[in-house]
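# Report on the structure
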Amino acid sequence: MRARTRVELTRALARKQVPDDIAQIVLDRLEEVGLIDDAVFTRDWLAAGDRRQKSRRALLAELVAKGVDREVIDAAVAELDGDRDYAVARGFAERKARSLAGLDPQVQYRRLAGALARRGFSASVVAQVTREVLAELPELAE
């Protein structure tokens, strides 16, 4: 179980064929008592992104898909550390690199860069982290 955005709950009620006017009354009441709060949901989603090791860009795309307003997203993103993507990518790459020991250097680079790119990190972060982590790979294996 996890918290849901207002849009997600609106979609769920529509699937259950709840009349729109009733759904809006219920959703307004849930929001009034604090059970639906897209701003809190957004902050929690972004905080969980560190554990899930995804880039800021990937997390923002997920929030947009969940129907969170752009203003709410922008306010939550403003609270994030500017070096967050680098730190998250670095942590993921260090763990991933251990499984690449013994492979050809080109294969290591390709696999690590691909894994980082799939998590939504920018090309500059992918290139920097991949170079740094692979340069330290013999040290990581010890």
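The numbering scheme is per chain: residues are counted from 1 as the chain's sequence reads. Totals for whole chains, interfaces and linings use every residue, but because this is a predicted model, local features are given only for residues with pLDDT of at least 70 and side-chain atom pairs only at 80 or more, for both listing and counting. Side-chain numbers here rest on the full set of heavy atoms in the structure, without hydrogens or water.

## What about the nonpolar core?
To keep it simple, the criterion reads: We define a nonpolar core as any set of buried Ala, Val, Leu, Ile, Met, Phe, Trp, Tyr and Cys residues linked to one another through side-chain atoms lying within 4.5 Å. Working definition: with a 1.4 Å probe on protein chains only, accessible area under 20% of the residue-type maximum means buried, over 50% means exposed, and in between means partly exposed. Here a strand is any run of E in DSSP of at least two residues, a helix any run of H or I of at least four, and the numbering for each starts at the N terminus. Working rule for contacts: check all heavy atoms of both residues, and any pair within 4.5 Å makes them a contact.
Residues A89, A93, L112, L116, F121, V129 and V133 are the most contacted members of the largest nonpolar core, which totals 17 residues. At the level of elements, α6 (84-98), α7 (105-118) and α8 (123-135) are the ones that each hand at least two residues to this core. Once you skip the residues sitting within four places of it in the chain, A93 turns out to touch L112, L116, V129 and V133. By size, the runner-up hydrophobic cluster in this structure holds 10 residues, among which are F41, L63, V68 and A76.

## Thoughts on helix α2 (residues 20-32)
Heads up, the rule is: For a helix, the expected span equals 1.5 Å multiplied by the residue count minus one.
The first and last C-alpha atoms of α2 sit 18 Å apart over 13 residues, in line with the 18 Å expected at 1.5 Å per residue. Count one or two residues on from α2 and you reach G34, which has phi positive near 90 degrees.

## Concerning the packing of aromatic side chains
To keep things clear, this is the line we draw: Aromatic contacts are taken between Phe, Tyr and Trp rings whose centres are within 6.5 Å, Trp giving its six-membered ring; a plane angle under 30 degrees counts as stacked, one over 60 as edge-to-face, and the others as tilted.
This model, assessed by the stated rule, comprises one aromatic pair. With a centroid separation of 5.6 Å and an interplanar angle of 20 degrees, the aromatic rings of F41 and W45 are classed as stacked. Linking F41 with W45, this pair stays in helix α3 (residues 38-52), spanning four residues, or about one helical turn. For the pair formed by F41 and W45, the shared burial category is buried.

## Some remarks on a nonpolar patch on the surface
Going by this rule: Patch membership requires more than 30% relative accessible area and the absence of a salt bridge. Residues of like charge join within 9 Å; the nonpolar side chains Val, Leu, Ile, Met, Phe, Trp and Tyr join within 5 Å. Only the protein chains shown count as cover for residues, with accessible areas throughout obtained via the Shrake-Rupley method and a probe of 1.4 Å. Throughout this description, the term salt bridge denotes a Lys or Arg side-chain nitrogen within 4 Å of a carboxyl oxygen of Asp or Glu.
On the surface, I22, I25 and V26 cluster together into a nonpolar patch covering about 260 Å² of accessible area. Note on placement: I25 falls in helix α2. According to the relative accessible area criterion, I25 is exposed, its value standing at 57%.

## Some words on the packing of helix α1 (residues 6-15) against α2
To be explicit about the condition: Here an angle of 0 to 180 degrees is reported between the N-to-C directions of two axes, which are lines fitted to C-alpha atoms, with helices fitted over the stretch in contact. Throughout, the term roughly parallel applies to angles under 35 degrees, roughly antiparallel to angles over 145, roughly perpendicular to angles from 65 to 115, and oblique to all others. In a left-handed crossing the near helix is turned counterclockwise from the far helix by less than a right angle, and in a right-handed crossing that turn is clockwise.
Orientation of α1 relative to α2, taken along the N-to-C sense of each, is 150 degrees, at an axis distance of 10 Å. By the angle between their directions, the pair α1 and α2 is classed as roughly antiparallel. Crossing angle aside, the handedness with which α1 passes α2 is right-handed. Along the contact surface, α1 presents R6, L9, T10 and L13, while α2 presents A23, Q24, L27, D28 and E31.

## Re a positive patch on the surface
Definition in use: Counting rule applied: Lys, Arg positive; Asp, Glu negative; His and chain ends not counted. Each charge is placed at NZ for Lys, CZ for Arg, CG for Asp and CD for Glu.
Residues K96, R110, R111 and R118 make up a contiguous surface patch of positive charge. With three residues, the top contributor of residues to the positive patch is α7. Here R118 falls in the exposed class, since its relative accessible area comes to 66%.

## So, the side chain of R6
The following threshold applies: In protein, a polar contact means a hydrogen-donor-capable atom and an acceptor-capable atom, both N or O and within 3.5 Å, with residues adjacent in sequence counting only if both atoms are side-chain atoms; elsewhere, any N or O pair within 3.5 Å suffices.
Summarising the element assignment, R6 is placed in helix α1. Of note is the side chain of R6, whose polar atom sits 2.9 Å from the side chain of Q24.

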